[in-house]
Amino acid sequence: MRSEKINQNAQYTFKYNTSMGRHGWLRLTPAYSVRLVEEILSELEYSPQCVLEPFSGTGTTELVCANNGVASFALEINPFLVWLGNTKLKPYSSETIEKFLNVANFITENVETYAPTELPPIYNIYRWWGEAQADFLARLKAAIKGVENDEVKQLLTVAFCRVVIELSNAAFNHVSTSFKETDDSFFSTDVGKDTFLSICNMVAYGASIQPLVSSKVIHHDARSIPKEYNGTYDTVITSPPYPNRISYIRELRPYMYWTDFLETSDQASELDWKTIGGTWGKATSLLSTWESNGSLPQYVYDIAKKIASADNKSAGLMANYVLKYFEDMRLHLSAIYDGLKSKGKVYYIIGNSNFYGVTVPAERIYVDLMKDIGFINADFRIVRKRNCNKQLYEFVVTAQKQ
């Protein structure tokens, strides 16, 4: 396939999900689209009995399955995303949704009367939010904390997370988060109230679309599969972190600090280190002492050597990063293979990467790892061209267990 014929295909990215009910509740740039999961499900030559999503993220795969009457479960190492995924999968009665909107209106009318909570310990917080926005959010958080109905509180918290970003100065259109200049002049409490109520109405609409079957997200590291779930799934549809050293936690940090899932930067770094493909802040320094176990194809080590020889002070660390990423993924793929039913199929949505002019062909490495582990019919196809670099693409890697 010639590269000029490959389009960016925005319908396969998070942008497609923004108007798709619960899928649009919170934005996460690395998220893949509802449409891609639906297409994968439709091309299966068998009716899946249970789908596993080992990197739940925002819960796309399991929610698509639940909405289509397909049994599924998911794994996720980030506790905030476990909470978000299970909140998105929950059935909500019309009475609960009505109560949610009534409470949202009451809170909005009285938000000035609530004593603000302490601001989250985010470094240079007023770069993220002006003083007026931060004060409004702290009062809104205090109001939501006082709600006794758990389901109503969950929906209010989803809306709160969304308004946290809507009122921020942050932009996530680059590897490094950028900020527009702080300007309180455009903001008033009425603006905050209108924004919150608008988001609550959007959340209520998504909550009214009920999943056809139940599903759940389990807090677990994807390098292994919980023993009780081995042999229970016949299909895997997932998108693991890409081997590009972009922290998936960076977009989640505002949510996680405001909802008390994070309290210190060390906790964020520790979680990033545990996440496959995550190395940011303090976690990066751990790569300097990490040692390879030699379990990868030789050409992957050759690629790492080329990266290490680049004229950049971080070249050696990035070479280690690439090796650690694929050694972690080998552990994961081995665990998936062991727990997958015979004849079951796996679908991995993955992107390649580039370090200092050296391409890391993730799609080829995944195929070779799968073959070495025992999968058959391992292959890949290009899904789209990624707009960040003309040499970077997104692929679906597929394989089957004998």
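One structure accompanies this document, and this report is about it. Please read these numbers as outputs of a predicted model, since none were measured by experiment. Each residue is numbered by its place in its chain's sequence as written, counting from 1. Predicted model: local features are reported for residues with pLDDT of at least 70 only, side-chain atom pairs are reported and counted for 80 or more only, and whole-chain, interface and lining totals are derived from all residues. To get the side-chain values, all heavy atoms of the structure are used, and hydrogens and water are removed first.

Some thoughts on the sheet that holds strand β1 (residues 51-53)
Read across the open sheet, the 7 strands follow the order β5-β2-β1-β6-β7-β11-β10; overall the sheet is mixed. In this open sheet, the two strands that pair with only one neighbour each are β5 (217-219) and β10 (376-385). Strand-to-strand twist of the sheet, defined as the mean angle between neighbouring strand axes without regard to direction, takes the value 20°. Only heavy atoms enter the contact rule, under which two residues are in contact if any of them lie within 4.5 Å. To get an axis, a line is fitted to the C-alpha atoms, and for a helix only the part in contact is used. The angle between two axes follows their N-to-C directions and goes from 0 to 180 degrees. Strands are runs of DSSP state E lasting at least 2 residues, helices are runs of H or I lasting at least 4, and numbering of each runs from the N terminus. Strands in contact with helix α2 (residues 60-67) are β1, β2 (72-76), β5 and β6 (233-238); relative to β1, the strand with the most contacts, it is inclined by about 155°. In the packing of helix α13 (residues 315-339) onto the sheet, contacts are made with β1, β6 and β7 (340-351), and the angle to β7 comes to roughly 155°. One requirement defines pairing of two strands: DSSP has to find at least two bridges between them.

Here we look at helix α8 (residues 189-207)
Three or four residues apart is the spacing at which side chains of an α-helix point the same way, because the helix has 3.6 residues per turn. To estimate how far a helix should extend, the number of its residues minus one is multiplied by 1.5 Å. In this model α8 runs 27 Å from its N-terminal to its C-terminal C-alpha over 19 residues, within 8% of the 27 Å that 1.5 Å per residue would give. Exposure classes here rest on a 1.4 Å probe applied to the protein chains alone. A residue is buried below 20% of its type maximum, exposed above 50%, and partly exposed in between. Turning to α8, its buried residues number three or more, namely Gly-192, Lys-193, Thr-195, Phe-196, Ile-199, Cys-200, Val-203, Ala-204, Gly-206 and Ala-207. If you follow the buried residues of α8, they end up packed against α4 (94-110), α6 (131-145) and α7 (150-166).

Quick look at the pattern of salt bridges
Counted as salt bridges are all cases of a side-chain nitrogen of Lys or Arg within 4 Å of a carboxyl oxygen of Asp or Glu. Following the criterion strictly, the structure yields 14 salt bridges and no others. Note that Glu-39 and Arg-35 form a salt bridge whose closest N and O atoms lie 3.1 Å from each other. Of this pair, Glu-39 and Arg-35 both sit in helix α1 (residues 34-43), 4 residues apart, roughly one helical turn. Residue Glu-270 is joined to Lys-274 by a salt bridge in which the shortest nitrogen-to-oxygen separation is 3.5 Å. One end of the pair, Glu-270, and the other, Lys-274, are both in helix α10 (residues 265-274), 4 residues apart, so they sit about a helical turn from each other. Overall, Glu-270 belongs to the partly exposed group, its relative accessible area being 45%. Through salt bridges with shared partners, a single network forms among Asp-221, Arg-223, Lys-324 and Asp-328.

Description of the packing of helix α3 (residues 79-89) against α7
Axis separation between α3 and α7 bottoms out at 11 Å; the angle between their running directions is 120°. Considering the angle they form, α3 stands oblique to α7. In the crossing of α3 with α7, the sense of the turn from one axis to the other is left-handed. Touching Phe-80, Trp-83 and Thr-87 of α3 are Gln-154, Thr-157, Val-158 and Cys-161, all from α7. In this scheme, roughly parallel covers angles under 35 degrees and roughly antiparallel covers those over 145, while 65 to 115 is roughly perpendicular and the rest are oblique. A crossing counts as left-handed when the near helix is turned anticlockwise from the far one by less than a right angle, and as right-handed when that turn is clockwise.

Topic: the packing of aromatic side chains
Planes of paired rings set the category: under 30 degrees apart is stacked, over 60 is edge-to-face and the rest tilted, where pairs are Phe, Tyr or Trp rings (Trp by its six-membered ring) whose centres lie within 6.5 Å. Enumeration according to the criterion identifies 17 aromatic pairs in this entry. Each ring, one from Phe-80 and one from Phe-261, has its centre 5.6 Å from the other, and the planes form 80°; the classification is edge-to-face. Placement of Phe-80 in helix α3 and of Phe-261 in the loop between α9 (253-258) and α10 is noted, with a sequence separation of 181 residues between them. Given a relative accessible area of 0%, Phe-80 falls into the buried group. Classification of Phe-261 by relative accessible area gives partly exposed; the value is 30%. Throughout this description, the term charge over a ring refers to an Arg CZ or Lys NZ atom that lies within 6 Å of the ring centre and within 35 degrees of the ring normal. For Arg-364, the ring lying beneath its charged end belongs to Tyr-299, and the centroid distance is 3.7 Å. The ring of Tyr-337 carries the charged tip of Lys-401 above its face, separated from the ring centre by 4.8 Å.

A look at the side chain of Lys-345
Among the secondary structure elements, Lys-345 is positioned in strand β7. By relative accessible area, which is 16% here, Lys-345 ends up buried. Aside from chain neighbours lying at most four places away, what touches Lys-345 is Leu-44, Glu-45, Tyr-46, Asp-234, Thr-235, Val-236, Leu-340, Ala-399 and Gln-400.

Describing the nonpolar core
A general tendency of soluble globular proteins is for nonpolar side chains to be buried together. Note on terminology: a nonpolar core comprises buried Ala, Val, Leu, Ile, Met, Phe, Trp, Tyr and Cys residues joined through side-chain atoms within 4.5 Å. Formed by 70 residues in total, the largest nonpolar core has its most connected members in Phe-326, Tyr-348 and Met-370. With 12 residues, the top contributor of residues to this core is α13. For Phe-326, the contacting residues outside a window of four places in its chain are Pro-243, Leu-296, Val-300, Val-360, Ala-362, Ile-365, Tyr-366 and Leu-369. In terms of nonpolar packing, the next biggest core, distinct from the first, is built from 54 residues, Phe-80, Ala-138, Val-152 and Ala-204 among them.

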